[in-house]
Amino acid sequence: MVEPKTQDVMERIVSLCKRRGLVFQSSEIYGGINGFWDYGPLGAELKRNVKDYWWRVMARLRDDVVGLEATIIMHPKIWEASGHTTTFADPMVDCLLTQKRYRADQIEPQSGVAFHYAGAEEGAAAAGAKPKSSSEPYSFLTPDAKHVERARQAAKTFYKQRGLADPRLLGERSETVENSTRYNPENGSLLTEPRLFNLMFKTYVGPVESAENVAYLRPETAQAIFAQFKTVAEVSRQRVPFGICQIGKAFRNEINPRNFTFRSREFEQMELEFFIRPDEAVEAIAGSVARPEKPGHPGAPQPNWGWEMWHKYWVEERLAFYEQIGLPRASLVEYWQKPEELAHYARATVDILYKFPFSKRNAKGELAGEELEGVAARSDFDLSQHQRFSGKSMTVFDEELKAAWAKLDEAKKAALTQRYFENRRAYLVKTSVPAEQAERQAHVEAAALANGTYVPHVIEPSAGVDRLALALICNAYTEDEAPDEKGKLEKRVVMRFSPRIAPVKVAIFPLLKNRPELVAKALQVRDLLRPLMTVFYDDGGAIGRRYRRQDEAGTPYGVTIDFDTLGEQGEALKDTVTLRDRDTMKQTRVKISELPALLLEKVR
Ligand code: ATP
């Protein structure tokens, strides 16, 4: 299961997804719509199981995290405060020949010989008439100089598109080019200069399509959590450190949706914002701030944890989550963003990557992995921004801090105040508050800290449901061999989903469909299990074929009701069934009355 899968396996996975109704194109009967995907019966169950398990470990099994379900369309000021209106943009380039659009940062660098043209004029102009011309320059990259004709053909097509019927090329010259990203890797044509393209989907609220009614479909679920922070903190009576989590749809008008569902335009996110004390407050309360010293999980949260320990804690919690739903540790990569990759407000970000079959390979030829989730330490940036843009306070009052502060000696008070002041001033200056005003405001805020008041910092584990579902599908896909009815080995496709997230937990098979006693008993077993888990009843075809269908759907258990169940071999076997394990194909005899507890333990 751990061994990396290759690109051709990806094609088989995509075809299985369609054939078995896991995932397929949205609006398929109209030719589909790029970047949008639908989940069929099995896929819908898989996604639901993933979300339910995340919600269980985040919101239900913890005292310090509460849930939120906010709207998709929110006040447009939210996106100004978060920076999305101005900076949530990707650089895009267009092919000058096909007009196809690409993300500039995803163009593979190429080398070769570029042919440049200064322009073109109409070759067959009427006698005496000034020839029609174009002075727009154009270039084309070829592998080597002998492919000049290819460049000329492309250039002629380019100028024909600009209105010349029979272009005569002007000013041809060539140049050797190394590692350039200016040319389309698919056809060699010159690309436009990169332009920024905002990824938010725009709409209008109400009947009038005017500038003041513009709104956006949220590009992430996180901002609602920040905007509602004060309300949720109050109603849930939570004290920092605590978190607010949310699962919901997000929309990004991606320039280049690709790799099946990996980069979609509509997708779901599972996000937690975990609010913590600033390190200065932790130090005032606990005397010092603990820092991660050993690799691995740092254990149960402690009062002396600052942002570094909390960040490490959440990275480890999230890695454990992925293992709990069947992704082996070896299929995951913990990637620490380099300082130059970090957003300006982020102190550290760890991307949790999964080695998808379509991932790029590193220098050693190993799959490098693609992002499933980012775990970011975002300082107090988000709440501070909403405080500034809304004019509403986002501070909390921390009684413990106030009490602890009173007991500090003067030198400690001064040192902590100074550090807090500097951090706040740096934030304000970075967000374009004039220096003098920033200085004044930071002094006020540092004085407030001494009174137990501050804007909480945040650690954000932010995961995508659809990317995770795809990782689970890729990880589960296996081909092996199993004996058919006559004992001959045949190829079998097995989706080795962890029972915890498998779309269907157990299949119920009466041995024969035309024996009412068997069918009646099988339906009884189905009805016994159905309130507890997803059950699939199947009485069609030979039993081997029914097993195979369930293997392909990833159903971990199969229950067969046979004549022994009816008591034909005596009382000892009466009301027992065979329980088949998908992975080992082993069959054990189990009492019907024991099935619910036995299966529940395996699928929870
Ligand atoms: P990428 O760099 O791959 O575009 P990102 O860093 O912009 O991702 P975030 O803004 O951190 O992603 O979003 C958090 C999570 O949401 C991602 O880790 C991913 O699982 C999911 N996600 C983001 N964009 C998409 C998308 N277009 N399609 C599917 N899932 C997505």
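In this text the structure is predicted, and so the values were computed from the model without any measurement. (Residues numbered from 1 in each chain as written. Predicted model: local features only at pLDDT ≥ 70, side-chain atom pairs only at ≥ 80, totals over all residues. Heavy atoms only, no water.)

(A) Structural view of the sheet that holds strand β29 (residues 587-591). The mixed open sheet is built from five strands, whose spatial order is β26-β25-β27-β28-β29. This sheet does not close on itself; its edge strands, each paired only once, are β26 (535-537) and β29. Ignoring which end each strand starts from, the neighbouring axes of this sheet average 30 degrees apart. Sheet topology note: the strand β25 (residues 506-510)/β26 ladder contains three bridges and is parallel. Its bridge partner lying in β26, Ile 508 is registered against Tyr 537. Those strands touched by helix α16 (residues 543-553) are β25, β26, β27 (557-561), β28 (576-581) and β29, and its axis lies near 170 degrees from that of β25. (Pairing = 2+ DSSP bridges. Helix = DSSP H or I, 4+ residues; strand = E, 2+ residues; numbered from the N terminus. Axes fitted to C-alpha atoms, helices over the stretch in contact; angles between N-to-C directions. Contact = heavy atoms within 4.5 Å.)

(B) Broad picture of α16. Most of α16 is tucked away, with nine of its eleven residues classed as buried. Burial in α16 covers these residues: Ile 543, Gly 544, Arg 546, Tyr 547, Arg 548, Gln 550, Asp 551, Glu 552 and Ala 553. Gly 554, located one to two residues past α16, shows a positive phi value of around 85 degrees. (Buried < 20%, exposed > 50% of the residue type's maximum accessible area, 1.4 Å probe, protein only.)

(C) Representation of the sheet that holds strand β3 (residues 65-67). Read from one edge to the other, the open sheet built from seven strands follows the order β3-β15-β16-β22-β19-β18-β17, with strand pairing classed as mixed. Since the sheet does not close on itself, it has two edges, and those belong to β3 and β17 (332-336), each with one partner. For this sheet the average axis-to-axis angle between neighbouring strands, irrespective of direction, equals 20 degrees. Where strand β15 (residues 242-251) lies against strand β16 (residues 266-276), ten bridges are found, and the strand directions are antiparallel. Bridge pairing in β16 places Phe 251 opposite Glu 266. Docked against the sheet, helix α7 (residues 229-236) engages β3, β15 and β16, running at close to 135 degrees with respect to β15.

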